[in-house]
Amino acid sequence: MEGPRAANNQELETILSLVNLVFRSGVNQDMALDYPLVFDKKNLNNLRVVLEKGEIISHAAMAERTLKAKDCVLPMSMICAVATHPVYRKRGSATSIMEDAVTSMALRGDAFGLLWTGPARDFYRQLGWEVIGTNGWTYILRPTQFNHFKSYCLVRAYQQGKDLNRIIEIHQNQSEQLTRNQSAYQTLFNIPTIKIWVAEENNLVSGYLVVAEAHNKSGVIEWGGTTKALSSLLAHVLSTTLETRLQVFVPSFKNPMKTLLQSLGCQERIPMEEADGCGLKMIRILSLKNLLEKLKPHIQNCLGKSSGELGIVVAETAERTSLKWKNKHFTVGTEQVSEEKTLTLRETAQFIFGPMKPSSVTSLSPETAKALDQVFPFTFHIGMLDYV
Ligand SMILES: CC(C)(COP(=O)(O)OP(=O)(O)OC[C@H]1O[C@@H](n2cnc3c(N)ncnc32)[C@H](O)[C@@H]1OP(=O)(O)O)[C@@H](O)C(=O)NCCC(=O)NCCS
């Protein structure tokens, strides 16, 4: 066995054959077109492979991103396209690739690793990954509902040369997002299975809708702008779709799309994880101290005026992290403190990211529970267009 190691220039085609065999058999789609930022030559260093007798038998990709959420800036990586050739399974190669990816993410200081999975939840769990709180809601709209949505604006197809900068401006005004440079926007907006619509008010683009028709992404996978623009865009898309249902992905926190759908009585919704193409959201803690330092703005926003301290020792890694808070000021250290808990990696992921409150993950003194149950779970939303 050779590897795990980063892929080289000559190996991209073979990797794509493997991941298309595993994830796209019988589906008229290509992983290279579905995930253009992942299977880009510039990302080769983040593609990990294991070989046997010179053949690539196992692969996993990392997609390095930065999440902006709740005043925090969180560099992180999403893991995707984890696959072992059917003939070579159960020999430990995917495990070794995942361990290698975790080491790489920790070395570069990522706040956490993130992935989505359906069938392989237990494979990841044995490696310390855990299912966390929901990523948001999926509203189900029916074509017959198109007349719920008033049309206030002119709706037309997106034109890259004319609209890209304005759409970037709208997207970057949203409260939570994965940051993208201009070329990443362009690449994602050129995915062949998506169509983009824009709404204009007084000759200015005031909203946009990204609609996907794909095996891995289906429905309104990104949107932005005013409620009037969103209403006009949905009226247009619903009146022209041939589908019997349209999924619309919406964060849990307050936002114009949720406000619009709720005000119009659209009640059919499911957690995002249950929607077509989504999967369970799983996290791997890399360094708890590093994560908590990056979450400091959010923690300080949420802490009351209490004071206290808690130590967490991560069972598998023996990393000891101390949290201290006083008068809305929060510090992270490594010293032993009076109240200390030993948590597994999976429990630590749930302590920070839910779905339950910290006091339901482990027993805490009443004062500590009161303070930290206001801070965690830290929930965040990743838009479907950024899913890998
Ligand atoms: C999941 C997958 C990548 C594992 O590859 P692999 O090289 O066989 O993995 P390993 O040999 O390192 O397996 C380690 C363990 O995980 C277990 N495992 C593998 N797939 C599993 C699954 N879907 N659910 C639960 N456990 C699983 C194996 O049985 C093995 O357990 P054991 O050591 O007790 O026998 C491979 O089965 C695969 O390509 N599956 C299809 C694609 C897929 O589902 N990828 C994940 C998408 S998010």
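About the cut-offs
- Residues numbered from 1 in each chain as written.
- Predicted model: local features only at pLDDT ≥ 70, side-chain atom pairs only at ≥ 80, totals over all residues.
- Heavy atoms only, no water.
- Near = heavy atom within 4 Å.
- Polar contact = N/O pair within 3.5 Å; in protein donor to acceptor, adjacent residues only side chain to side chain.
- Areas by Shrake-Rupley, 256 points an atom, 1.4 Å probe, with all protein chains shown as cover.
- 1 Å grid on protein atoms, 1.4 Å probe; cavity = no way out; pocket = protein on both sides within 12 Å on 5 of 7 lines; lining within 4 Å.
- Sits in = over half its atoms within 2 Å of the grid points.
- Helix = DSSP H or I, 4+ residues; strand = E, 2+ residues; numbered from the N terminus.
- Nonpolar A, V, L, I, M, F, W, Y, C, P; charged D, E, K, R; others polar.
- Buried < 20%, exposed > 50% of the residue type's maximum accessible area, 1.4 Å probe, protein only.
- Pairing = 2+ DSSP bridges.
- Right-handed = clockwise from strand over helix to strand, strands pointing away.
- Core = buried A, V, L, I, M, F, W, Y, C linked by side-chain atoms within 4.5 Å.
- Contact = heavy atoms within 4.5 Å.

Topic: the site of the ligand
- If you check the shell around the ligand, you find 20 residues, and the closest are Val82, Thr84, Lys90, Gly92 and Thr95.
- Contact between the ligand and Gly92: an oxygen atom at 2.7 Å from a main-chain N or O atom of the residue.
- For the ligand, an oxygen atom lies 3.1 Å from a polar atom in the backbone of Ala94.
- Here the ligand, which alone exposes 890 Å², has 69% of that area covered by the protein.
- For the ligand, the cavity whose grid points lie within 2 Å of the majority of its atoms is the largest pocket.
- If you list the elements that add at least two residues to the shell around the ligand, you get helix H1 (12-23), strand S4 (72-84), helix H3 (93-107), strand S5 (112-117) and helix H4 (121-125).
- Among the residues making up the shell around the ligand, the classes are represented as 10 nonpolar, six polar and four charged.

So, the pairing of S4
- The buried fraction of S4 is high, at 11 of 13 residues.
- Judged from the 11 bridges that link them, strand S3 (residues 55-69) and S4 form a sheet pairing that is antiparallel. Paired with His59 across the strands is Ala83, a residue of S4.
- If you look at the hairpin formed by S3 and S4, you'll find two residues sitting between the two strands, and Lys70 has a positive phi there, around 50°.
- Here S4 runs beside S5; their pairing, made up of two bridges, is parallel. Of the residues in S5, the one forming a bridge with Ser77 is Gly113.
- Note on the crossover from S4 through H3 to S5: the handedness is right-handed.

Considering the nonpolar core
- Grouped together as the largest cluster of nonpolar side chains are 88 residues, with contacts concentrated most on Phe39, Phe112 and Phe380.
- With seven residues, the top contributor of residues to this core is S4.
- Contacts of Phe112, omitting those with residues within four sequence positions, involve Leu67, Leu74, Pro75, Met76, Ser77, Ile283, Arg284, Leu286, Leu291, Phe353 and Phe380.

Coordinates in, geometry out; function isn't part of it.
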